[in-house]
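These are the residues of each chain, in order.
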Amino acid sequence: MSVVVDGFGATEGIGFGPVQVLHWGAPEVPHQTVSTELVDREVERFHAAREWSRQRLNELKAHAEERLGPVEARIFDPQIVMLDDVEIAEGTVRYIRENRLSAPRAFQWRMLELHTMWTRRANAMVLDKLNDLEDLKIRLLTRLLGLPDPTAVVLGADPVILVAANITPSLTVQLDSEQVAGIATDGGTRTSHWAILARSLSIPAVVGLRDITTRVREGQLAILDGRIGRVVLDPNEHDRAVFEERRSQLLEMEEEIVVLAGQESVTRDGQPVVLRANLDLPEEADDAKDHGAEGVGLYRTEFLVVGRAVMPGEEEQYGAYREVAEAFADGSVYIRTFDLGGDKFPMFLHMPAEENPFLGWRAIRVCLDEPQLFRTQLRAILRSSAHGDVHVLLPLINDSTEIQRTRAMLREEEDTLKKAGTAYDSAYKVGIMIETPAAALDAAELAKHADYFSIGTNDLVQYTLAVDRANARLASMYSPFHPAVVHLLRQVAGAARSADIEVSICGELAANPVGTFLLLGLGITSLSVAWPALPEVKHAVRSFSLEEARHAARRALAASSASEVFRALVDGIGNSVDLAAFSGRWNLSPGG
């Protein structure tokens, strides 16, 4: 009997194969003391292991840069910096000298202390820091104990589904999509360093499966779908048929991409719909163009800072923004300022301890409190506007004063550029993310100060329903089709229409065919989705009638539950789109 385990999709794609369980962890370290005359030798052994680790990390970084590019290669910087961290290096030496512990035992003690300390200090925001700490711990201990390199995973000739409690960047960068059909982990997030590398390597991945390692057995057949975040163990004939159909659809879609990319994004009754792409890295711009993107609706910039020990300079940022602006010379590029906090925090910023980090110091709040960081980014964005239709997008705005303070900074940075004779386009726009009920309810006032709205449905749903979207236990309660969410979407769309400004969607709801139908019915005709989903969304748009969407949206607004909203939309779609064809790619349910 097949078993379905749901988590969160981290990398697009679907894989099939036998399970290979990866037992990744630090080796056992015996308690050992040394005589006084051998203390200096143990200190030297520790420093030698540090230098070996530094060399190994630099090799991995160079390998990553050669295979994937400089952005992905920087993922190894935090570990290189950790090697010289006073808390790690001097703390270990102190334990050796004061307690006469062997080098591996002293290092293990210090790492356990730091793990406990960092876990208590910053909750979810140090997940990657802890992952890097574990990677470093395993590397140094295996060197000190004379054990084989743990990253040298032996894989067979046939592709496997790799299952682990969690994995690290060091291991991921050495994997090959020809040998690994998918990765499934108990923990991790979509923004984990290893998940970013997996996406660059085109290896499908599902994270947050909680107990997948205890539910699988070696060699067990499994299907992994990185789009919907699902793993099917011991798939039956029906499951395998769905898998084959899904794989066939993907192959057909790849063949149709060129055709779809050149077609107009317009409904059956002639309503144009702007389709832009969400980008995580500048290297994705070419893929987005090939998939038919008309521009970039959400250019996430956190890749420049997360995991970094030093703030990125203006030139580095300018280069990353200019690259995408030039790639979309005929389209608009909306660059979101740093959305830090929550589960994304750079090492160069002091992280305050917070009980609820997703409700704390994050996004625009961090930027306004860190003017050096913010002003550098604003200058870089302004400079990139000389190379395309570039606009500024501010995350997590709740109050008009946040927009006004940002505009004041922008004016000052414009003056700086003018005095230096540096080119920029003064016609740039400043828009805001609508991600909280407060912003949605106050949209009419915010529209007086913003040039456009971009609705982030992922956070809007989370904050409206008080449901953590990363909590698998509450997955059935996280519904973008909840009546409260639908009414907030209508209110924001109405406020934007009254103010004659653009309103777009950049959350996952826009890439769900039922969600697309709802948004069109609410009058939202600018959508931005992950670039792999663009052909599917365009196919759906071209199958819909705007009038049908409006009628279904009116029925959805009168519904009293998420299931009723969903049913009204599905009934409205009727035979326009074969939703069964999407069922393998989407969780087409009220909670999807």
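Before reading further, recall that the structure is shown in the block above.
Just so it is clear, the model here is predicted, and its values are computed rather than measured.

Trainee: Looking at this structure, I do not really get the packing of helix H14 (residues 371-384) against helix H15 (residues 400-420). What am I missing?
Mentor: If you want to describe how two helices pack, look at the angle between their axes and the distance between the axes. The geometry of H14 relative to H15 is characterised by a closest axis approach of 10 Å and an angle of 60° between their N-to-C directions. Considering their axes alone, H14 and H15 lie oblique with respect to each other. Crossing handedness for the pair H14 and H15: right-handed. Residues Pro371, Phe374, Arg375, Leu378, Arg379, Leu382 and Arg383 of H14 lie in contact with H15, whose contacting residues are Thr406, Met409, Leu410, Glu412, Glu413, Glu414, Thr416 and Leu417. Its residues assigned to classes, the contact of H14 with H15 shows seven nonpolar, two polar and six charged.

Trainee: Any chance you could explain the pattern of salt bridges here in plain terms?
Mentor: Pairing of side chains with opposite charge becomes possible as their charged atoms draw close. Taken as a whole, this structure holds 30 salt bridges when the rule is applied. Taking the shortest distance from any N to any O, the salt bridge between Glu548 and Arg268 comes out at 3.1 Å. Residue Glu548 is located in helix H22 (residues 546-557), and its partner Arg268 is located in the loop between helix H10 (237-261) and strand E9 (274-279); the two are separated by 280 residues in the primary sequence. Taking the shortest distance from any N to any O, the salt bridge between Arg567 and Asp571 comes out at 3.4 Å. With Arg567 and Asp571 both in helix H23 (residues 562-573) and four residues apart, this pair spans about one turn of that helix.

Trainee: Could you clarify how one ought to interpret the environment of Lys419 in this entry?
Mentor: Positionally, Lys419 belongs in helix H15. Separated by 72 residues in the primary sequence, Lys419 and Gln491 have C-alpha atoms spaced 43 Å apart.

Trainee: It is not clear to me how the pairing of strand E4 (residues 160-164) should be interpreted in this structure. Could you clarify?
Mentor: The side chains of a regular strand alternate between both faces of the sheet. Across the five residues of E4, five count as buried, placing the element largely inside the fold. Burial along E4 is two-sided: the residues Val160, Leu162 and Ala164 and Ile161 and Val163 are all buried. Note: strand E3 (residues 14-21) against E4, three bridges, orientation parallel. When the bridges of E4 are listed, Val19 appears paired with Ile161. Across five bridges, E4 lies against strand E5 (residues 180-185) in parallel orientation. Looking across to E5, one finds that Leu162 is bridged to Ile183.

Parameters and conventions
- Residues numbered from 1 in each chain as written.
- Predicted model: local features only at pLDDT ≥ 70, side-chain atom pairs only at ≥ 80, totals over all residues.
- Heavy atoms only, no water.
- Axes fitted to C-alpha atoms, helices over the stretch in contact; angles between N-to-C directions.
- Helix = DSSP H or I, 4+ residues; strand = E, 2+ residues; numbered from the N terminus.
- Parallel < 35°, antiparallel > 145°, perpendicular 65-115°, else oblique.
- Left-handed = near helix turned anticlockwise from the far one by under 90°.
- Contact = heavy atoms within 4.5 Å.
- Nonpolar A, V, L, I, M, F, W, Y, C, P; charged D, E, K, R; others polar.
- Salt bridge = Lys/Arg side-chain N within 4 Å of Asp/Glu carboxyl O.
- Buried < 20%, exposed > 50% of the residue type's maximum accessible area, 1.4 Å probe, protein only.
- Pairing = 2+ DSSP bridges.

Distances and angles like these do not, on their own, reveal function.
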